[in-house]
Amino acid sequence: MTDTFRHEPEARGDDTTTTDGDASGLRRRTFMGWVLAGTTLTVAADLGLARPAAAVIPSGPQVADVYDLEDAQTDSALPTSQLIQITITEQGTAEFELPRTEVGQGILTSTAMIIAEELDLPVSKVKVTMAKARPELLFNQLTGGSNTTFSTYTPIRVAAAIARQQLLEAAAILFGTNADRLITVGGVVRDTLGNEATYGDLAVDAAKQVVEAVEVVLRPESKFRTIGKPQSRLDARDAVTGKKKFTGDLKVKDALPTMVCRPPTHRGSPQALQNQSQIERMPGVTHVAQIPTGIAVRAKTFGQCIDAIRKMQVTWNPGSAAAESDETILAELRAAEIPLAVPEVDLPGVVKTVETDCVFAFKSSAALEPYTAIADVREDSAEIWAGLKAPIVAQQDVARDCGLSPSAVTINVITGGGSFGHKLFGDHAREAAQASKAMGVPVKLMWHRADEPRQGRLHPMATSRVRATVVGGEVAAFEQRHTSILMDWSHGFGDQLTSVADELPPQLGGYTISQSIFALTQQLPYNFGVVDQLLNETLTPGDAVDERFASGSMRNIYSPDVRTAAELTVDKLAKLAKKDPVEFRLAHLKDPRVKAVLRKVAKEGNWGRRMPAGTAQGVAIHKEYKGCTAVLIEIDCRPATVNRNLGPETVTGPRVTKAVIAVDPGLVINPRGLEAQMIGGCMDGIALTLTSSNHLRDGRFLEASWDNYFYTRQWNVPFETEVHIVDSDSDTPGGAGEAATGSTAAAVACAYARATGTNPTYFPIQHEKPLAFKPKSFEPSVPQSPTNGLNRTY
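Quick caveat: nothing in here was measured; it's all calculated off a predicted structure.

What counts as what
- Residues numbered from 1 in each chain as written.
- Predicted model: local features only at pLDDT ≥ 70, side-chain atom pairs only at ≥ 80, totals over all residues.
- Heavy atoms only, no water.
- Axes fitted to C-alpha atoms, helices over the stretch in contact; angles between N-to-C directions.
- Helix = DSSP H or I, 4+ residues; strand = E, 2+ residues; numbered from the N terminus.
- Parallel < 35°, antiparallel > 145°, perpendicular 65-115°, else oblique.
- Contact = heavy atoms within 4.5 Å.
- Salt bridge = Lys/Arg side-chain N within 4 Å of Asp/Glu carboxyl O.
- Expected span 1.5 Å × (residues − 1).
- Buried < 20%, exposed > 50% of the residue type's maximum accessible area, 1.4 Å probe, protein only.
- Arc of directions from axis to C-beta.
- Polar contact = N/O pair within 3.5 Å; in protein donor to acceptor, adjacent residues only side chain to side chain.
- Disulfide = S-S within 2.5 Å.
- Domains from an automatic or database assignment.
- Phe/Tyr/Trp six-rings, centres within 6.5 Å; stacked < 30°, edge-to-face > 60°.
- Lys NZ or Arg CZ within 6 Å of the ring centre and 35° of its normal.

A. Structural detail: the packing of helix α15 (residues 559-576) against helix α16 (residues 581-588). Here α15 crosses α16 at 100°, and the two axes come no closer than 9 Å. What the angle tells us is that α15 and α16 run roughly perpendicular. Between α15 and α16, the contacting residues are Glu 567, Val 570, Asp 571, Leu 573 and Ala 574 on the first element and Pro 581, Phe 584 and Arg 585 on the second.

And the structure:
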């Protein structure tokens, strides 16, 4: 696979920073902040009163055009923005505890770049770590919805700018001059006479013994030198050399490997372990305990835990979905579907309706790193180490499970090896705490890979129906009804929305949490007359959780499914109008930024080139989180490709051969990190449309581990992947972590339809094909550890 990354950023100014006004002529904003009492300089932002007024929106906008999920999350964080603090040390470094979680998206690096920019420090002198659970932050410590950079960008800049201002004032006193006659270069303050002092020299003098309110002016974009320049991940070398520490790598005293024997049906529960004394006598086993989700075993090695689980004889209570299969859930969804408002009509030359009806299977949001958590629960306290995107909620859950107050629970947030929505829930932390409490010893609990697709969090099964009405050759209405198994939002998103209820658009009155989030994320940026996109779920509005399933939002939440159905419909409309799909989209798009990214992929991807029969191009757009993407896909659906032999128990099918992505995410902090996010989102989108899903049969999900949960693999990634960053007129960053997922999923579906001449209706496309694998055993719940690993290496 070759990756092409192209970005030509504009010049960002000179090599020194002065305290002059803005030479670029751009408007500079003044912010309030605080210099906090301390031995060295510590500063904080205060944006509680800095909420911008809503922009003037043309008539007929969707909810997310006026106020979207980014706005809601950011507004919920504003009241505690002053608690975001930067400290300058006597070594001249800047230290910052980020109240968000690094799970591979690169936010520790981009945050360091923001601080370095405003402080005029080398990135190497900025140390960003992750904050422990801090209940006082309220809704300002939840990672999700591609919101981290959007919501923290200004508070972090303000705090860094205040720090630099205080250092200048301390240097002015030291040099006997005025602060506006000084410059900063790479962590050193200088005057025109040759005097200089490092930030470390000034850290103590710049500190205050009392809390003091100050005003600060931020550096203009025209003088940026770090933001917008490609920066390799600060942890990249550690990651590729094995030095980077994830939860499983931590050594906590007496925390031995622990695993759980799990029920055969999804969300079943244990009745009793029939042979506990036998298990306790097995090699390495130290403790065995029943917890709500299964039978936990602690041993000297994880291999000994696996051996013990395979010998367990457990009686189980079935899960409440024990009688369910894909077919019964689909029937339930069909019964819950809301009728479309415009009737189906076909009056040639006058009125015609264009229909799309898609089914989307259950999907696992499991990341490469299995759920892992360390817990040390004592009589009066508990301490947890885990990758957690909602640590405050996890702290509350662990406290409740262990009969403690939240203040007695310490949550250490550890870098996660991926998340995709999975680590929004603290299921692993809760299980570790339950096991530690039951056993009376510390544990290092890890889920087996077979556990994740079967008992872990799943994106709900859904249908998505579209009816577009064409009157006199013009699209007069576009209705979309998305029907889903109820999504679990108990990880904190729902509470965030409740906290900003006064700010939410009035159209959301009476909506459930799911319906509100759907409305706050979905944007159809076409001029298609009356546009109406609605979500309904299979349970009544009063039901907060569907107890049958461990559900949760997956990367890009509803958008991959919604965009796929919508963009397939747009292609049908283009065909009806006898227009090229790109030309049709450009003629109907109402947002110039979306038009720009579409033109970019069409140009760079050589849209419309001649291709062999059985292959085709497809294109799709997506607008969300203050940014937009367009993706052009080339796919090979010829028999020689679809039926290629990739070895036993391996799914084949069509292959995407080329992907071209254009993105306008707003202000770009780190182009290199953005490129990685786009490529990762593209691989997700390919998998969602072609191969990755969970089959439900008799209350059991058949997939177990990555060998039969068919995510995009090396043998079906594109041979060529290009990422093009389109210059943006936005002066703030948007959300980029999920931007390429929905547009790629839709573009792959459109390419498949054009290559085969048939519109796909069930996703992923391989889901309805005969199983390519033999399901692993359900009792025992984990397979035998391999003994021939070296034979499988190259």
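B. Fine view of the pattern of salt bridges. Applying the stated rule across the entire model yields 41 salt bridges. Linking Asp 451 and Arg 262 is a salt bridge whose minimum nitrogen-to-oxygen distance equals 3.1 Å. Highlighted residues: Asp 451 in helix α12 (residues 451-455) and Arg 262 in the loop between β12 (256-261) and β13 (269-273), separated in sequence by 189 residues. Between Asp 546 and Arg 548 there is a salt bridge; the shortest N-O distance is 2.8 Å. Linked through salt bridges whose partners overlap, the residues forming this network are Glu 102, Arg 233, Asp 235 and Lys 244.

C. Focus on helix α17 (residues 592-604). With 13 residues, α17 extends 18 Å from end C-alpha to end C-alpha; this agrees with the ideal 18 Å at 1.5 Å per step. Those residues of α17 not exposed but buried are Val 594, Val 597, Leu 598, Val 601 and Ala 602. Buried positions in α17, seen along its axis, are confined to an arc of 135° and lie on one side of it. Of the exposed residues in α17, those oriented more than 90 degrees away from the buried face are Pro 592 and Lys 603. Summarising the contacts, the buried residues of α17 are in contact with α16, β28 (615-624), β29 (627-636) and β30 (655-664). Its side-chain oxygen at 2.8 Å from the backbone nitrogen of Arg 593, Asp 591 defines the N-terminal cap of α17. Trailing α17 by a residue or two, Asn 606 shows a phi angle of about 55°, which is positive.

D. Examining the state of the cysteines more closely. Taken as a whole and judged by the stated rule, the model has zero disulfides. Cysteine Cys 261 shares no disulfide, and the gap to the nearest cysteine sulfur, in Cys 305, comes to 12 Å. Cys 261 gets classed as buried once you look at its relative accessible area, which sits at 4%. Take Cys 358: it sits in no disulfide, and the sulfur closest to it among the cysteines is that of Cys 750, at 9.9 Å.

E. Looking closely at the domain arrangement of the protein. You can read the domains of the protein as domain 1 (5-233), domain 2 (247-320 + 371-446) and domain 3 (326-363 + 459-768). Taken together, the contact pairs 16 residues of domain 1 with 18 residues of domain 2. Taken together, domain 1 and domain 2 are joined by zero salt bridges. Linking domain 1 with domain 2 are five residue pairs in polar contact (both at pLDDT 80 or more).

F. The arrangement of the packing of aromatic side chains in detail. Counted according to the given criterion, the structure contains 14 aromatic pairs. With centroids separated by 5.8 Å and ring planes inclined at 10°, the aromatic side chains of Trp 489 and Phe 493 adopt a geometry described as stacked. Pair check on accessibility: Trp 489 and Phe 493 agree, each one buried. Consider the rings of Trp 706 and Tyr 709, whose centres lie 6.0 Å apart with planes at 80°: the pair is edge-to-face. The exposure class of Trp 706 is partly exposed, given its relative accessible area of 25%. Owing to a relative accessible area of 3%, Tyr 709 belongs among the buried residues under this scheme. One aromatic cluster in this structure is built from Phe 478, Tyr 526, Phe 528 and Phe 584. The ring of Trp 447 has Arg 262 lying over it, and the distance from NZ or CZ to the ring centre is 3.9 Å. The residue whose ring lies beneath Arg 700 is Phe 778, and the NZ or CZ to ring-centre distance is 4.9 Å.

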